[in-house]
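# Observations on the model geometry
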Amino acid sequence: QVQLVESGGGLVQAGGSLRLSCAASGFSFSTSRMGWFRQAPGKERELVAAIRWSGSAIEYSDSVRGRFTISRDNAKNTVYLQMRSLKPEDTAVYYCAADVDRNYKYDYWGQGTQVTVSS
């Protein structure tokens, strides 16, 4: 049974930081590309950051580059998103997802965790 369980969301003031975690099970995490997505009310879901199975080939959206850091621990089957200098426009539900075939199509999704940044 595949599971992706996000945690670490919450309410933070602008300029603050949060660290999201996503614990994975039920598939080959260590060979999968992992991504963090977000969706704000009334907006389309967007890719925030992604990381290759080896930890290299990291990509970020323009809106978060320089403020967010994606990382992974294959021994713990966990992917992280460190978010700094948060802005009200970062408010969204954040999802982690797994691309098990490494073809840029995400097969499995978590339930999401809410991040709210107050001004």
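Shown above is the structure to which this text applies.
One structure accompanies this document, and this report is about it. None of these values were measured; they are calculated from a predicted model. (Residues numbered from 1 in each chain as written. Predicted model: local features only at pLDDT ≥ 70, side-chain atom pairs only at ≥ 80, totals over all residues. Heavy atoms only, no water.)

### Focus: the overall build of the protein
Helix and strand content of the protein: 0 helices and 11 strands. Across the protein, helices and strands are ordered from the amino to the carboxyl terminus as β-β-β-β-β-β-β-β-β-β-β. Across its three principal directions, the C-alpha atoms of the protein cover 40 × 25 × 25 Å. By the burial criterion, 41% of the 119 residues in the protein qualify as buried. (Helix = DSSP H or I, 4+ residues; strand = E, 2+ residues; numbered from the N terminus. Buried < 20%, exposed > 50% of the residue type's maximum accessible area, 1.4 Å probe, protein only.)

### Structural notes on the nonpolar core
The biggest cluster of nonpolar side chains holds 27 residues, and the ones touching the most others in it are Trp36, Val79, Leu81, Met83 and Tyr94. Secondary-structure elements contributing two or more residues to this core are β3 (18-25), β4 (33-39), β5 (46-51), β7 (68-73), β8 (78-83), β9 (92-99) and β11 (113-118). If sequence neighbours within four positions are ignored, Met83 has contacts with Gly16, Ser17, Leu18, Leu20, Arg67, Phe68, Tyr94 and Val115. (Core = buried A, V, L, I, M, F, W, Y, C linked by side-chain atoms within 4.5 Å. Contact = heavy atoms within 4.5 Å.)

### Quick word on the state of the cysteines
Taken as a whole and judged by the stated rule, the model has 1 disulfide. Each sulfur of the disulfide joining Cys22 and Cys96 lies 1.9 Å from the other. On the criterion of sequence distance, the pair formed by Cys22 in strand β3 and Cys96 in strand β9 is long-range, its members being 74 residues apart. Using a relative accessible area of 0% as the deciding quantity, one classes Cys22 as buried. (Disulfide = S-S within 2.5 Å.)

### Structural notes on unusual backbone geometry
The phi torsion at Ser85 lies on the positive side, around 50°, for a residue other than glycine. Within the fold, Ser85 resides in the loop between β8 and β9. Judged by relative accessible area, Ser85 falls into the partly exposed class, the value being 41%. Phi is positive for Arg102, close to 55°, though the residue is something other than glycine. Looking at the secondary structure, you find Arg102 in the loop between β9 and β10 (108-109).

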